[in-house]
Amino acid sequence: MNGVISDTISAIRSVIGSGQALLHTPTFDGNELEYVSECVSTGWVSSVGSFVTRFEQMLREITGAQRVVACSNGTSALFLSLKLAGVEPGDEVLVPALTFVATANAVCHCGAVPYLVDVEADTLGIDCAKLRSELASSTRVVGGHTYNRKSGRRVSAIVPMHCFGHPCAVDEIVSLAEEFNLQVVEDAAESLGSTREGRHTGTFGRVSIISFNGNKIVTTGGGGAILTNDAELGDRAKHLTTTAKLPHAWKFFHDEVGYNLRMPNLNAALGCGQLEQLDRFIAVKRNLARRYIDAMRDVAGVSVFTEPRGCKSNYWLNAILIDENDLNLRDAMLKETNEQSIMTRPAWELMHQLPMFQSCPRIDLSQAESLQSRLVNLPSGVSVAERSLKPRAHN
C-alpha cells in the first residue's frame, strides 16, 4: 500500500476508531418521533399544518432571514429562486464548475444556460478575481443588462455555492454582481449554521436556498427552503409554491401558473425536531474536524481543508487534499479506504465533465480541475463524531 494512503488511514482510524464509518447519516435522537407521530395522529400530514409554520419560523431565527418558504426539496427551491430573481429562458447564469449537479440542473429547468466558472483554493467557492477579469473582457453592457459577447445571450445571475458547508467569498461575489448587473441567487444547500463575518450564509443574495436532504446536517427526509430579505419576493415565493391559489375559505381560484412545491407538514415535523439539535450537531462536527486536523498534521502528502478566514463552518463534510495532482493516487485512496469500511467519496464530477454540460460556456477551470483531482471527503456525520468521543475500552 502507498505510504501516503496507509498513513492517512491510520490517522482516520485514530479519530473514528474501528468498525464501519459511513460518510454522513442522519441522527434522530430528539423530538423527531414525537412530532411526526403528532402529524399522523391528527391527520395533518400534507403541506398545511403547524409544523411547516414552526419550521419556517425556526429557520428565520437561526439564519436571520426575514422570510423563509419551506419547499419540497433544495433543487425545486433553487429553480424557483432563479425564476424569482428574473432568470429567463435563453439567459446565461454563472455557476461554479465545482458543485453538485443540482445547481446547474436548476438553471436548465429555467430554460437558461449554465456559464461555468472556476473556484479558488481558499474557499472552494467562485474565484472572484478570475471571474471579474473574464467578465470584463468577454461581456458588454447594453441597457442595464450584461451580455456574453460570444454567444449574444444575457448573463442575468450568479449562483455562489458554499462547498461542503464552507462559506465562499459571497460578500465579494455580491460586489462583483453589482458591477455587472447580476442577480445573486445563493446556493447555501450545504451550509446551514455556517457564517461569514458573523452573518449566516443564505442571507447575502437577493434570494437563497438551503437543502434538507437525508445527508445534510439537518434533514426533513427530503426538503428545502427559500430565504430572502425581500418581503415582496417572499410573498411571491409562497404564492407560487402553493399552486398560485388565492386565499379563500372554499373557492379554488388560481391567478397564474404556479407550482406544487410546498414542504409537507410531516417532513417539517421531522425538521423541527432536527433544528432543535442544530447547535449540538455543529459543535460535535466542528470537534470532529479539529480531531481530523490534529491527526493529519504529521501525515506527509495530505492536508485537511479548513474553514476560510473570517468564517465559521458547519463542516458538513470534512475533506482532505492530496498534495499531488494525481487522479490515480486519489482513486487508490478511495478504493483502499472503502475496502476497509471507511466510506470516503471524491468531490463531484465537474460540471463541464458531464455530457449535458460539455458545450456550456466556461472560463479556464484549471483550479477546479486540480482541486477535484485531489479532494477526498471523510466520514463526517454526527453519529461518527459522537462515537469518536466515547471512551474506548482498553485490552
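Residues numbered from 1 in each chain as written. Predicted model: local features only at pLDDT ≥ 70, side-chain atom pairs only at ≥ 80, totals over all residues. Heavy atoms only, no water.

Q: How should the nonpolar core be read in this particular structure?
A: L82, I158 and F164 are the most contacted members of the largest nonpolar core, which has 130 residues in total. Considering each element in turn, this core owes the most residues, nine residues, to helix α10 (residues 278-296). The residues touching I158, leaving out its near neighbours within four places in the chain, are V93, L94, I126, L131, I173, L176, A177, L182, Q183, V184 and V185. (Core = buried A, V, L, I, M, F, W, Y, C linked by side-chain atoms within 4.5 Å. Buried < 20%, exposed > 50% of the residue type's maximum accessible area, 1.4 Å probe, protein only. Helix = DSSP H or I, 4+ residues; strand = E, 2+ residues; numbered from the N terminus. Contact = heavy atoms within 4.5 Å.)

Q: It is not clear to me how the pairing of strand β11 (residues 224-228) should be interpreted in this structure. Could you clarify?
A: A regular strand carries its side chains on alternate faces of the sheet. Within β11, five of the five residues are buried, leaving the element largely enclosed by the surrounding structure. With burial as the criterion, each face of β11 is covered, one bearing G224, I226 and T228 and the other bearing A225 and L227. In the sheet, strand β1 (residues 67-71) pairs with β11 via five bridges, with the strands oriented antiparallel. Residue pairing in the sheet places R67 in a bridge with T228 of β11. In terms of strand pairing, strand β10 (residues 207-211) meets β11 through four bridges, oriented antiparallel. Residue pairing across strands places S208 opposite L227, the latter belonging to β11. (Pairing = 2+ DSSP bridges.)

Q: Hey, could you run me through α10 in this one?
A: Three- or four-residue spacings in an α-helix give side chains the same orientation, since the helix completes a turn every 3.6 residues. Helix length check: α10, at 19 residues, gives a terminal C-alpha distance of 27 Å against a target of 27 Å (1.5 Å per residue), a fit within 8%. What α10 keeps buried is the set L278, F281, I282, V284, K285, R286, L288, A289, Y292, I293 and M296. (Expected span 1.5 Å × (residues − 1).)

Q: Would you mind going over the packing of helix α1 (residues 3-16) against α10 with me for this structure?
A: Packed helix pairs are specified by the crossing angle of their axes together with the interaxial distance, meaning the distance between the axes. Relative orientation of the contacting elements α1 and α10 amounts to 140°, with a least axis distance of 9 Å. Where α1 crosses over α10, the two elements pack in a sense that is right-handed. Contact residues: α1 offers T8, A11, I12, S14, V15 and I16, while α10 offers L288, R291, Y292, A295 and M296. The class makeup of the residues in the contact of α1 with α10 is eight nonpolar, two polar and one charged. (Axes fitted to C-alpha atoms, helices over the stretch in contact; angles between N-to-C directions. Left-handed = near helix turned anticlockwise from the far one by under 90°. Nonpolar A, V, L, I, M, F, W, Y, C, P; charged D, E, K, R; others polar.)

Q: Which parts of the structure should I look at to understand the sheet that holds strand β13 (residues 311-312)?
A: Spatially, β9-β8-β13 is the arrangement adopted by the three strands of the open sheet, whose pairing is antiparallel. Unpaired on one side and paired on the other, β9 (199-200) and β13 mark the two borders of the sheet.

Q: Teacher, can you tell me more about helix α12 (residues 366-374) here?
A: Within α12 the residues assigned to the buried category are A368, S370, L371, Q372, S373 and R374. Buried residues belonging to α12 abut β14 (319-322), α11 (327-339) and β16 (375-377).

Q: What am I meant to see in the pattern of salt bridges here?
A: Opposite charge on two side chains permits pairing when their charged atoms draw close. Enumeration over the complete set of coordinates arrives at 16 salt bridges. E56 is paired through a salt bridge with R262; the nearest N and O atoms lie 2.9 Å apart. With E56 in helix α3 (residues 50-63) and R262 in the loop between α8 (231-241) and α9 (265-275), the pair connects residues that are 206 residues apart, well separated along the chain. For the residue pair E56 and R262, the accessibility class agrees, reading buried in each case. Between E339 and K335 there is a salt bridge whose closest N-O contact spans 2.7 Å. With E339 and K335 both in helix α11, this residue pair falls four residues apart, about one helical turn. The class for E339 is exposed, based on a relative accessible area of 51%. Overall, K335 belongs to the exposed group, its relative accessible area being 52%. Ionic contacts of the salt-bridge type, sharing partners, join the residues D29, R280 and E386 into one network. (Salt bridge = Lys/Arg side-chain N within 4 Å of Asp/Glu carboxyl O.)

Q: Would you explain the side chain of S138 in this entry?
A: With respect to the helices and strands, the residue S138 is situated in helix α6 (residues 128-138). A polar atom in the side chain of S138 sits 3.4 Å from the side chain of Y115. Those residues in contact with S138, other than ones at most four positions away along the chain, are Y115, Y147, N148 and R149. (Polar contact = N/O pair within 3.5 Å; in protein donor to acceptor, adjacent residues only side chain to side chain.)

Q: Help me understand the packing of α10 against helix α13 (residues 382-389), please; the structure alone is not making it clear to me.
A: In the contact formed by α10 and α13, the axes pass within 9 Å of each other and the chain directions differ by 65°. Handedness of the crossing formed by α10 with α13: left-handed. Here R280, F281, V284, K285, N287, L288 and R291 of α10 come into contact with α13, specifically with V382, V384, A385, E386, S388 and L389. In terms of residue class, the contact of α10 with α13 is made up of seven nonpolar, two polar and four charged.

Q: In this structure, what is going on with the sheet that holds strand β15 (residues 345-346)? I would like to understand it.
A: Sheets are built from strands paired through backbone hydrogen bonds, the pairs being either parallel or antiparallel. Taken in spatial order, the four strands of this open sheet run β12-β14-β16-β15, and their pairing is antiparallel. Single-partner strands in this sheet number two, and they are β12 (302-304) and β15. Alignment of β12 against β14, held across three bridges, turns out to be antiparallel. Looking across to β14, one finds that S303 is bridged to L321.

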